[in-house]
Amino acid sequence: MEDKRRSFLRKAAIGGGLTAFAAGFSTTAGRMLDHVLGKDQPKQRLNGNSLAPEFSVNPATGALSINPEQQVSYTMCTGCTTFCGVRVRIDKKTGKVLRVAGNPYSPMSADPPLPFQTPIRESFVSLTRYEEKGLAGRSTACGRGNAVLEQMDSPFRVLAPMKRVGPRGSSQWQPIEFDQLIKEIVEGGNLFGEGEVQGLRALRDLETPIDAQQPELGARVNQVGLMASTNEGRLAFVDRFIKQSYGSLNMVGHGSYCGGAYRSGSGAMFGDMKKMPHAKPDLENVEFCIFIGTAPGNAGNPFKRQGTLIAKARSGNKQFSYVVVDPVLTNADSLAAGDRSRWVPIKPGTDGALAMAMIRWIIEQERYDRHYLVQPNLKVAEASGEASWSNATHLVIVQPGHARDGRYLRGSDLGMVFPEEERYKDKDPFVVFDQVAKKLVVHTEARGVAELFFDGEAQVGADTLKLKSAMSLLREEALKHSLADYSAACGVPLEIIEGLAREFTSHGKRAAVNAHGGMMSGSGFYNAYAVVMLNTLIGNLNRQGGTLVSGGSFKDVGEGPRYNLENFAGEVKPSGIPIGRNVPYEKTSEFKRKKEGGKAYPAQAPWYPNAPGLASEWLTSAINGYPYPLKALILWSCNPLYGVPGLRAQIEKDLVDPKKLPLIVAVDPFINETSAFADYIVPDSLLYESWGWAGAWGGVAVKMSTARWPVVEPKAQKLPDGQAIGMETFFIALAKAMQLPGFGPTGLADNEGQPCSLERPEDWYLRGGANIAWQGKTPVPEASDEDIELSGVARIRPLLEKTLKPEEWRKVAFMLARGGRYQNYKEMFGLRLPPPADPKAHAAPAGAVLAKTSTSAGIKSLAAATVAGAAVHAVKEEAPYPSDWATHRYTKPMMLYNENVGTTKNSFTGKRFSGTPSWHEPAFADGTPVRKKYPEAEWPLQLISYKSPLQNSYSIGARRLRGIHPDNPVALHPDDAARLGLHSGDQVYLETPGGRAKATVILRHGVQRGVVAVEHGFGHRELGARAHRIGDKVQPHEPAIAAGINLNDMGLSDPTRNGRNVFVDPVAGTTVRQGLPARLVRA
Amino acid sequence: MIQSRRNFLRALPAITVGAALAPAPAIASAAGEEEGKHRWAMVVDVQKCIGCQACTVSCIMENAVPENSFRTIVSTYEVHEGKHTGTYMLPRLCNHCANPPCIPVCPVGATFQRKDGVVVVDGDRCVGCAYCVQACPYDARFINHETGKADKCTFCAHRVDAGLLPACVETCVGGARIFGDLNNPNSKVRHLVDQNKMKVLKPEMGTQPHVFYLGLDERFQGRVEGEGTLWQPSGHGA
């Protein structure tokens, strides 16, 4: 027993360690002395310094009494990118945020959330002991969400504009008056005594091409770029400024160095490589779930909702089990849940090998959902009971040398006539082989099932074409490697691969697989495409217990029902080539020139036509001057130098040199690793001071928008008119100085075209709120006086009344009081939504009554169009969809073969990419495998990045988080450690071809052999880790903020490329942090 | 089905439950019942804990817990057994024992049990001698280095008395912490305790804890012997 016990707990403790709670009495003697020396007497006799309750409730009657000294308001957390609805408790006298928990109306924080109509008073009571409501109705904030309020009072905040006085990055600043700041940035001049710097006014050249020889690059205005991070509810405002108003094409988010590879892989299957839709498992109903490269309940998005649902599922009575496939064990696993939770270690970056092995096994064993895959179109699929459909039966031309080799066969190939501009576009249908008619038909006309595994020749017009169905192409790709080879590649034993595949295909549509940020490897795109394809093989999209797309958000921007937050007179439609080169190389002058010269490939640097905007390529492109250099860069709350693997080593020296990038302006509440190189830093609002409307990123299948509004007074310096300086005031002032369209006294217009002002943040966000309030069948209700009072909206009531129309402000107040607008949670399934507002596409003959019944899956669908005036949208009374269909369905086909990917050529090699999921060993741009360049003999280990539930890239400043989790020792399997003679606590140098860092080793069985696991969020150089001098004051610094190492400082550049660059996925252009070649040397 | 899963993902060896356990504490005889209307207690469903430390931080914020001290925390273990490795998460706090060993050792009578079972420290009386800290078998007490007094979880008595829930319960993301009145026959904790075989930490100490663990592996009932993290709460008490 003793022996067993010892081995059972040989190695332990991931966080909040063993010793944490045992630390109590080791220093007792010292304490006794302290008492003698005197301490502050606790405020309360029995309750020490605990806070006074925000309200009290009579547990017998539910009567609520408010503590008049405190305010509880519902708003948004921006402590990570989930953007949960939270309740913020504020000391009214000091404005200090005391504590943060969850908003009970928000599905991001409560399960289930309160109905939207619930009065605020009742919402407070729902959180209490009264009838034990607060247990079932609890609404939570996570550990980080509880801690980030500390940032509000951080000594490291930037509260007033400042300008550098020393060289770039030298941490020497001087305060600058706001007006002077605007003047210098707009007009330029000899701003730093280093020579002339062009200001934004001069750089706004909408006419002159950047390069007359390459007109496709666009006008010089494109040489002003703006890097943002994520849409925390304000991105549309920034977009309006930089693109529509200022006129530059170049604005980019952080996706390519976050989880972009997953999104791109998913986008390939969902048929949209720019918006990259994705689906998440329905954790409330799924029976078996595989998580690959994502860790539910440990990290990921929506963090709490996934955590709550996974906890409920693994402890509940419903059938449920799950497997986490990951090179490192995290809190996503729970030993307490027994067999319901399992961890399967895998080699880094090889998820595609596992997924392709499963695909091969599923196809060979015929365990795929044939009924789902044979449906040729949405209509036939729906009629036979499928809630979504795929293009498995669509035929692809597979004829090397043919002009349309790799393209889908289209209706126009069969002789359908289209105007030239519509040929081979969306309206030109695909073609299937009809099983009954035994002939080719366009997919829209197919009435029954189509041939799934078509592989043959067919007469098409005058030609005999070799055609394969998408499913045949997927099978062919999957069969390229044996199961044993796949197993060897990914390190997952064959019997586990087969077991996973068998179990995955044993629950009908009530199984799911999910991925996310762990896909950021050198073959991330194909790994992700392969992983998500498993969902399509069992046809689980839009089905209860399967995968669901987000229910979407209520739109604040756009041409809304109350205000036009989209278009304006004089707006610019930016054009040209984005600096991240996410467009086809073949459309460039360089290509034409090189082709004429006889060698079209390689391009000077890779191009990524199947990717969204790529921050991963931005800064190196700007420094290389390819496709063109940047003249000015605006950084808004982003930190690419911390987050892009390998970037710092590539461009740190260049950034210091103003000749290479003449003007850098950062808008940020802190000095981070990137804004430290700025010429100017402008403060921004933080957390609960700030405005914004954000949707759920995924994982919430009802429609919802979370509201963020200033529940406390912003701390930044105030302008003479009382506005706090922030992102909005800065851009508004820039626009005003340059007289840009779309801002100013008549910058906006209401829905009738009447002008209104855009001069203050609330002009934008409150009117966006009015748009949200009026969406749907009926507008939201009006807030009562009590709602306004109890929720703290009373504090900003004057702003609402001043900015909005009399009929609007109480409706907006209703939403602010509740922290957003939420569709009824019970409407997640079975609701038939009105068709999209496109009268042409959905016009039914007036007076016609259509009735259709399909019994194959017990579906009854009645469509009735009532007699209606020509201008009035037909009112439809239709039966709901089946109760296990998602209300918000994705209705485009799941693509087993993506023709855009399949016909794209690698701009280095000129070779075509695979259009189906496939397994590729990670390789550099010219196709050289990473392991060939950096062989195992020299680099025996592989680095991976993972997250804890507590730290992210910008949370280290929260002292109380550091108190629980202060450091990130690098984790190594004991077998590897034994080989290297290392023990827990040893100091090592961690080396990759891209960098070197001194680290502490911790031995963990929960790490795949051959792997060094580095937790994200540490190794900061800024955010308070370094002292800056502002004016004549030296700011404080905190060495604990610098603890640990940052894996991204050791990212690779691509040795097969020229100039500055970082190693990225060849299709998605996303950065690589999983599977970096590495070695450890004892320090 | 279950069988096939066991085959491909080696099951955790069966854990012997029951034999080595002390019987569940005699809840009915808790001090609270005779005198008080309520007997507050907590049930921790360990399968639901995701180790996010929301409880830990909310407690710190609510109760002004000084840096590097904790009234509650989630101990998180990496457990290695044979070829299998998994994560075990165990929330810890004061057990508000029916037989609290911390009380009799107090030389000034500062620490006592309220009639509703909550063990508290009277800050006016406490001299910070830390005898109670040493007497607690659960390491649930510490000397607050800001007040110089013994400090510990109070079940957020200031909130509970106001009709609210303890901070850690309000914000438990996994829903693992369930709080209520054992004297109320309709309360959730009463139902859970009646309908499940609950475990407590260190039952052999005879302390009769009133934090009950649902689904606790018996090997975590006592002091867990493993290698700690490399980190120790820096400066705790320093």
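Residues numbered from 1 in each chain as written. Chains lettered and ligands numbered in written order. Predicted model: local features only at pLDDT ≥ 70, side-chain atom pairs only at ≥ 80, totals over all residues. Heavy atoms only, no water.

**Side note on the overall build of chain B**
Step number 1: Of the regular secondary structure elements, chain B holds 7 helices and 9 strands.
Step number 2: Considering chain B as a whole, with its 238 residues, one finds that 68% of them fall into the buried category.
Step number 3: Considering only contacts within chain B whose residues lie at least 6 apart along the sequence, 61% involve residues at least 24 apart.
Step number 4: Looking at chain B as shown, the accessible area adds up to about 7900 Å², and 50% of this sits on carbon and sulfur atoms. (Helix = DSSP H or I, 4+ residues; strand = E, 2+ residues; numbered from the N terminus. Buried < 20%, exposed > 50% of the residue type's maximum accessible area, 1.4 Å probe, protein only. Contact = heavy atoms within 4.5 Å. Areas by Shrake-Rupley, 256 points an atom, 1.4 Å probe, with all protein chains shown as cover.)

**Remarks on the packing of aromatic side chains**
Residues and elements named next belong to chain A.
Step number 1: Throughout the structure, instances matching the rule amount to 36 aromatic pairs over all chains.
Step number 2: Between the aromatic rings of Phe525 and Tyr529, the centroid separation amounts to 5.8 Å while the plane-to-plane angle is 45 degrees, which identifies the pairing as tilted. Taken as a pair, Phe525 and Tyr529 lie in helix H17 (residues 524–537) at a separation of 4 residues, close to a single helical turn.
Step number 3: On the numbers, 5.9 Å between centres and 80 degrees between planes, the contact of Phe924 with Tyr934 is edge-to-face. One end of the pair, Phe924, is in the loop between helix H28 (899–902) and helix H29 (930–933); the other, Tyr934, is in the loop between H29 and strand E35 (941–946), with 10 residues separating them in the sequence. (Phe/Tyr/Trp six-rings, centres within 6.5 Å; stacked < 30°, edge-to-face > 60°.)

**Quick notes on the sheet that holds strand E15 (residues 341–344) of chain A**
Residue and element names in this part refer to chain A.
Step number 1: The strand order E15-E14-E13-E21 describes an open sheet built from 4 strands, whose pairing is parallel. Taken across any chain shown, the strands that pair with only one partner, and hence form the sheet edges, are E15 and strand E21 (511–515). For this sheet the average axis-to-axis angle between neighbouring strands, irrespective of direction, equals 15 degrees.
Step number 2: Where strand E13 (residues 288–292) lies against E21, 5 bridges are found, and the strand directions are parallel. Looking at E21, one finds that Ile292 is bridged to Ala515. (Pairing = 2+ DSSP bridges. Axes fitted to C-alpha atoms, helices over the stretch in contact; angles between N-to-C directions.)

**Examining the side chain of Gln375 of chain A**
Residues and elements named next belong to chain A.
Step number 1: Structurally, Gln375 is set in the loop between helix H12 (370–373) and helix H13 (378–383).
Step number 2: For Gln375, the side chain forms a polar contact with the side chain of Ser384, separated by 3.1 Å.
Step number 3: Non-local contacts of Gln375, meaning those with residues more than four positions away in its chain, are made with Val380, Ala381, Ser384, Glu386, Trp389, Ser390 and Thr393. (Polar contact = N/O pair within 3.5 Å; in protein donor to acceptor, adjacent residues only side chain to side chain.)

**Description of the confidence of the model for chain A**
All names here are of chain A.
Step number 1: Summing up the model confidence of chain A, the mean pLDDT is 92 and the portion of residues at 70 or higher is 92%.
Step number 2: Here residues 1–37 is a poorly scored stretch, pLDDT under 50, and it has 109 contacts once near neighbours within four places are set aside; other chains count.
Step number 3: Every residue in residues 838–875 is under pLDDT 50, and counting partners more than four places away or in other chains gives 45 contacts. (pLDDT = per-residue confidence, 0-100.)

**With respect to the state of the cysteines**
Residue and element names in this part refer to chain B.
Step number 1: Counted by the stated rule, this structure contains 0 disulfides over all chains.
Step number 2: In this structure Cys153 is not part of a disulfide, and its nearest cysteine sulfur, from Cys94, lies 5.5 Å away.
Step number 3: A relative accessible area of 9% means that Cys153 is categorised as buried. (Disulfide = S-S within 2.5 Å.)

**A closer look at the packing of helix H11 (residues 351–364) of chain A against helix H14 (residues 470–478) of chain A**
Residues and elements named next belong to chain A.
Step number 1: Orientation of H11 relative to H14, taken along the N-to-C sense of each, is 120 degrees, at an axis distance of 9 Å. Here H11 lies oblique to H14, going by the angle between them. In terms of crossing hand, the pair formed by H11 and H14 is left-handed. Residues Met356, Ile359, Arg360 and Ile363 of H11 form the contact with H14, whose participating residues are Met471, Leu474, Arg475, Glu477 and Ala478.
Step number 2: Among the residues forming the contact of H11 with H14, the class breakdown is 6 nonpolar, no polar and 3 charged. (Parallel < 35°, antiparallel > 145°, perpendicular 65-115°, else oblique. Left-handed = near helix turned anticlockwise from the far one by under 90°. Nonpolar A, V, L, I, M, F, W, Y, C, P; charged D, E, K, R; others polar.)

**Digging into the nonpolar core**
Residues and elements named next belong to chain A.
Step number 1: By size, the foremost hydrophobic cluster in this structure holds 136 residues, and its most contacted members are Tyr688, Phe730, Phe731, Leu734 and Leu816.
Step number 2: The biggest single contributor to this core is helix H22 (residues 727–738), with 8 residues.
Step number 3: In this structure, this core is formed jointly by two domains, domain 1 (53–253 + 613–765) and domain 4 (921–1082), each of which donates at least three residues.
Step number 4: Non-local contacts of Leu734, meaning those with residues more than four positions away in its chain, are made with Ile182, Ile185, Val186, Leu200 and Phe241.
Step number 5: Within the second largest apolar cluster, 77 residues are counted, among which are Met269, Ala353, Val513 and Leu534. (Core = buried A, V, L, I, M, F, W, Y, C linked by side-chain atoms within 4.5 Å. Domains from an automatic or database assignment.)

**A few points about the packing of helix H8 (residues 235–246) of chain A against H22 of chain A**
Residues and elements named next belong to chain A.
Step number 1: At their nearest, the axes of H8 and H22 sit 10 Å apart, and the two run at 15 degrees to each other. Judged by the angle between their axes, H8 and H22 are roughly parallel. You can see that H8 and H22 cross each other, and the crossing is left-handed. Taken together, the residues of H22 that come into contact with H8 (itself represented by Phe237, Val238, Phe241 and Tyr246) are Met727, Glu728, Phe731, Ile732, Leu734, Ala735 and Met738.

**Brief notes about the side chain of Arg159 of chain B**
Step number 1: With respect to the element layout, Arg159 of chain B can be found in helix H5 (residues 157–160).
Step number 2: At a separation of 3.5 Å, a polar atom in the side chain of Arg159 of chain B contacts the side chain of Glu62 of chain B.
Step number 3: Excluding residues within four positions of it along the chain, Arg159 of chain B makes contact with Pro53, Glu54, Arg89 and Arg99 of chain A together with Glu62, Leu164, Leu165, Ala167 and Glu170 of chain B.

**Digging into helix H9 (residues 260–270) of chain A**
An α-helical turn contains 3.6 residues, so a residue and the one three or four places further along point in the same direction.
Residue and element names in this part refer to chain A.
Step number 1: With 11 of 11 residues buried, H9 is to be regarded as a mostly interior element.
Step number 2: Along H9, the positions that sit buried rather than exposed are Gly260, Ala261, Tyr262, Arg263, Ser264, Gly265, Ser266, Gly267, Ala268, Met269 and Phe270.
Step number 3: At its buried positions, H9 is contacted by strand E12 (279–281), E21, H17 and strand E22 (547–549).
Step number 4: The positive-phi residue at the C-terminal boundary of H9 is Gly271, with phi of around 75 degrees.

**Notes on helix H6 (residues 178–187) of chain A**
Step number 1: Listing the buried residues of H6 of chain A in full gives Phe178, Leu181, Ile182, Glu184, Ile185 and Val186 of chain A.
Step number 2: At its buried positions, H6 of chain A is contacted by strand E6 (162–164), strand E8 (188–189), helix H7 (200–203), strand E26 (663–667), strand E27 (680–682) and H22 of chain A.

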